[in-house]
Amino acid sequence: MTALPITAETAADDAVEVVRQWVQAEVPTEWRAAAAEGPAALRAARSPADYRRWYPTFARSGLVAPTWRPEHGGLGIGNDVARAIESVLAPLRLTRLNPLGLNNAAAALFSHGTEEQRRRFLPPIVRNEEKWCQLFSEPGAGSDLASLATRAVRDGDQWVISGQKVWTTWADEADFAILLARTDPDQPKHKGITYFLLDMHQPGVEVRPLRQITGEAEFNEVFLDNARVPDAHRVGEVNDGWRVSASTLSSERQMVSGSGSGGMGRLGGSSAERLISLARETGRWDDPVTRDKIMRLWAQEQIRGWTNARVRAALSAGQSPGAASSIGKVHQATLNQQIQDLMVDLLGTAAVAWAATDDPDAMPREVQGMMRSLANGTEGGTTDINKNILGERVLGLPREPDPWKGKPWREIPRS
Ligand SMILES: Cc1cc2nc3c(=O)[nH]c(=O)nc-3n(C[C@H](O)[C@H](O)[C@H](O)COP(=O)(O)OP(=O)(O)OC[C@H]3O[C@@H](n4cnc5c(N)ncnc54)[C@H](O)[C@@H]3O)c2cc1C
């Protein structure tokens, strides 16, 4: 089957009807039944491997990124119709795979890429045939990303890249990476950086996994030793990569806060809805203090939803959400940690002891979720840094003093 018969001219009601029929015909009956019962039933009915096998059907329909043009893998529809469609899909929890491609790489391609680059890279991102990672952070450049030291030196129509990146999520399975590298060390730190699309499958790229507290190795160190990128895979002008990265970083904040692609209400983390069912399962629902705690978090979730709706409205009106995406990022990090902590509290003793085995799934999901949530205030820019952004750009507070402002990068002391 090819993309659904929905175009920019299709009315919302008609598009919704087409999508309903597609769901009936293409989403397996047992997944639909399980989705109606709730997240736990759906997890039991639909393994990640099943989902990945079925995913090409979703990708072919154009529904993964419906606002993108057909030649980019979407349907070319407006945000209003996309939201109407999403209301049909949301209960089925059809997760978009390849989030760093769909959000981070695509944001840069749309804002600063060439049409040739978009046609080359976006359709395989939608189909999850080329997976992406983000090679930005370095051992000496996280919050102060602009101080990065990975070098790119021009060699004819190619660039030669050497340096070290760290905390690279999913680098071990990525086919391509968005990469920031220094192309002119004599310029001030924000000015001599260029934005590239790097093929991860080449001799100069070595990926080493980093194991985290949950036992998984979700992120990696990446060593680049004379890796090569064709100049045709440079995004934006030489030395203008900092400006290109702004689109990626804002999109990443939206993804983490849940206001990002596809208009999903929540990406990652858990929910007050899950707290309610866990409280019922563990017999704690009758306790008024527990109900009060859950209610407060539920109210915070509504606020988060409205904040994200504001960001989405700005995006659909063609405006940059700018600093507003930092509000959602800070709020979501704190809220998810509070939800995860309460989840563990509800589990009681089951959260502190489980069978001693090498099977990572022996650890209760809630405990895993609580430990993973520790990273929420760091990934995609720390809570401190996002508060700095809000202080400076929303509240108009004075900027942090920088004694090295305007000095060439090579003269600035580095840790
Ligand atoms: C789960 C996870 C996944 C990640 N995935 C990726 C990825 O795929 N690709 C990628 O490139 N990076 C990734 N990162 C890296 C992430 O972007 C950085 O960890 C983050 O930007 C912080 O940098 P840092 O770890 O070097 O901390 P540092 O910058 O060293 O900060 C240390 C502490 O100092 C505080 N601090 C620093 N500067 C200031 C300041 N000016 N004002 C106030 N406080 C300050 C910070 O808030 C933090 O608490 C990931 C991180 C995590 C946790």
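Residues numbered from 1 in each chain as written. Predicted model: local features only at pLDDT ≥ 70, side-chain atom pairs only at ≥ 80, totals over all residues. Heavy atoms only, no water.

In the nomenclature of an unreviewed UniProt entry, the protein chain is known as Acyl-CoA dehydrogenase of Mycolicibacterium novocastrense. Here is the UniProt Cofactor (unreviewed entry) comment for the protein chain, exactly as written: "FAD". Quoted straight from UniProt, the Sequence similarities (unreviewed entry) entry for the protein chain says "Belongs to the acyl-CoA dehydrogenase family." (UniProt positions renumbered as here; feature names shortened; annotations may be inferred.)

The next subject is the site of the ligand. Neighbouring the ligand are 18 residues; S137, S143, W167, T382 and D384 lie closest to it. W167 places a polar main-chain atom, nitrogen or oxygen, 2.8 Å from a nitrogen atom of the ligand. Side-chain polar atom of T382 to an oxygen atom of the ligand: 2.7 Å apart, as the coordinates give it. Taking 980 Å² as the accessible area of the ligand by itself, protein coverage stands at 69%. Among the secondary structure elements, those contributing two or more residues to the shell around the ligand are β3 (158–169) and α13 (383–394). Across the shell around the ligand, the residue classes break down as five nonpolar, nine polar and four charged. (Near = heavy atom within 4 Å. Polar contact = N/O pair within 3.5 Å; in protein donor to acceptor, adjacent residues only side chain to side chain. Areas by Shrake-Rupley, 256 points an atom, 1.4 Å probe, with all protein chains shown as cover. Helix = DSSP H or I, 4+ residues; strand = E, 2+ residues; numbered from the N terminus. Nonpolar A, V, L, I, M, F, W, Y, C, P; charged D, E, K, R; others polar.)

Here the focus is the packing of helix α9 (residues 272–281) against helix α11 (residues 324–347). The angle between the axes and the distance between the axes are what describe a pair of packed helices. Viewed as axis vectors pointing N to C, α9 and α11 meet at an angle of 5°, and their least axial separation amounts to 10 Å. Of the possible angle classes, the one that applies to α9 and α11 is roughly parallel. Where α9 approaches α11, its residues A272, R274, L275, L278 and A279 are matched on the opposing element by I339, L342, M343, L346 and L347. When its residues are assigned to classes, the contact of α9 with α11 shows nine nonpolar, no polar and one charged. (Axes fitted to C-alpha atoms, helices over the stretch in contact; angles between N-to-C directions. Parallel < 35°, antiparallel > 145°, perpendicular 65-115°, else oblique. Contact = heavy atoms within 4.5 Å.)

This part is about the packing of helix α6 (residues 99–112) against helix α7 (residues 115–126). Where α6 meets α7, the axes come as close as 11 Å, and the angle between the chain directions of the two elements is 165°. In terms of orientation, α6 lies roughly antiparallel with respect to α7. Judged by the sense of rotation from one axis to the other, the crossing of α6 with α7 is left-handed. Counted together, G101, L102, A105, A106, L109 and F110 of α6 and Q117, R118, F121, L122, I125 and V126 of α7 form the full contact between these two elements. Its residues assigned to classes, the contact of α6 with α7 comprises nine nonpolar, two polar and one charged. (Left-handed = near helix turned anticlockwise from the far one by under 90°.)

Our next topic: a nonpolar patch on the surface. Where nonpolar side chains cluster on the molecular surface, the patch consists of V394, L395 and L397 and spans about 310 Å² of accessible area. Of note, V394 is situated in helix α13. On the basis of relative accessible area, V394 is assigned to the partly exposed category, the value being 48%. (Patch = residues over 30% accessible without salt bridge, like charges linked within 9 Å, V, L, I, M, F, W, Y side chains within 5 Å. Salt bridge = Lys/Arg side-chain N within 4 Å of Asp/Glu carboxyl O. Buried < 20%, exposed > 50% of the residue type's maximum accessible area, 1.4 Å probe, protein only.)

What follows covers the side chain of T150. As for its position among the elements, T150 is in the loop between β1 (132–135) and β2 (151–155). Judged by relative accessible area, T150 falls into the buried class, the value being 1%. Setting aside anything within four residues of it in sequence, one finds T150 in contact with E138, I161, S162, G163, Q164, K165, L180, A181, R182 and L224.

Right, let's talk about the confidence of the model for the protein chain for a bit. On average, the protein chain scores 91 in pLDDT, and the residues at 70 or more come to 96%. A low-confidence stretch, residues 260–267 (pLDDT under 50), is modelled with 22 contacts involving residues beyond four sequence positions or located in other chains. (pLDDT = per-residue confidence, 0-100.)

This part covers the nonpolar core. Counting 55 residues, the largest nonpolar core has V19, W22, F58, L63, I85, L89 and Y195 as its most contacted members. Listed by contribution, the elements that provide at least two residues to this core are α1 (12–26), α2 (29–37), α4 (48–61), α5 (79–89), α6, α7, β4 (176–182) and β5 (193–199). With six residues, α5 is the largest single contributor of residues to this core. Of all hydrophobic cores here, the second largest spans 18 residues; its members include A152, A177, L179 and V229. (Core = buried A, V, L, I, M, F, W, Y, C linked by side-chain atoms within 4.5 Å.)

This brings us to the pairing of β3. Sheet faces and side chains relate simply in a regular strand, where the side chains alternate between the two faces. Where β2 meets β3, five bridges bridge the pair, whose relative direction is antiparallel. Counterpart to D155 in the pairing with β3 is Q158. Connecting β2 to the next strand, β3, in antiparallel fashion are two residues, including G156 with a positive phi near 65°. (Pairing = 2+ DSSP bridges.)

Another point: the environment of T169. The residue T169 is located in strand β3 in this model. Residues T169 and N220, 51 residues apart in the sequence, show an inter-C-alpha distance of 6.4 Å.

What follows covers the packing of aromatic side chains. Under the criterion given, the structure shown has 15 aromatic pairs. Summarising the aromatic geometry, the rings of Y51 and W54 are spaced 5.8 Å apart at their centres and angled 35° between planes, so their arrangement reads as tilted. Here Y51 and its partner W54 are both found in helix α4, three residues apart, which amounts to about one turn of the helix. By relative accessible area, which is 5% here, Y51 ends up buried. Given the relative accessible area of 8%, W54 is considered buried. (Phe/Tyr/Trp six-rings, centres within 6.5 Å; stacked < 30°, edge-to-face > 60°.)

Assignment of secondary structure puts A181 in strand β4. Overall, A181 belongs to the buried group, its relative accessible area being 0%. For the pair A181 and I193, spaced 12 residues apart in the sequence, the C-alpha separation amounts to 5.6 Å. What A181 contacts, discounting residues up to four positions off in sequence, is L148, T150, R151, A152, G192, I193, T194 and F196.

Turning to helix α12 (residues 365–372), a few remarks are in order. Buried within α12 we find E366, V367, Q368, G369 and M371. Summarising the contacts, the buried residues of α12 are in contact with α9 and α11.

Attention now goes to the pattern of salt bridges. This model, assessed by the stated rule, comprises 26 salt bridges. One salt bridge connects R243 with D240, and the closest N-O pair in it is separated by 3.0 Å. Across the pair R284 and D345 runs a salt bridge whose closest N-O atoms are separated by 3.5 Å. Linking R284 in the loop between α9 and α10 (288–316) with D345 in helix α11, this pair joins segments that are 61 residues apart in sequence. D345 gets classed as partly exposed once you look at its relative accessible area, which sits at 34%. Several salt bridges share partner residues, and in doing so they unite R69, E71, E115, R118 and R119 into one network.

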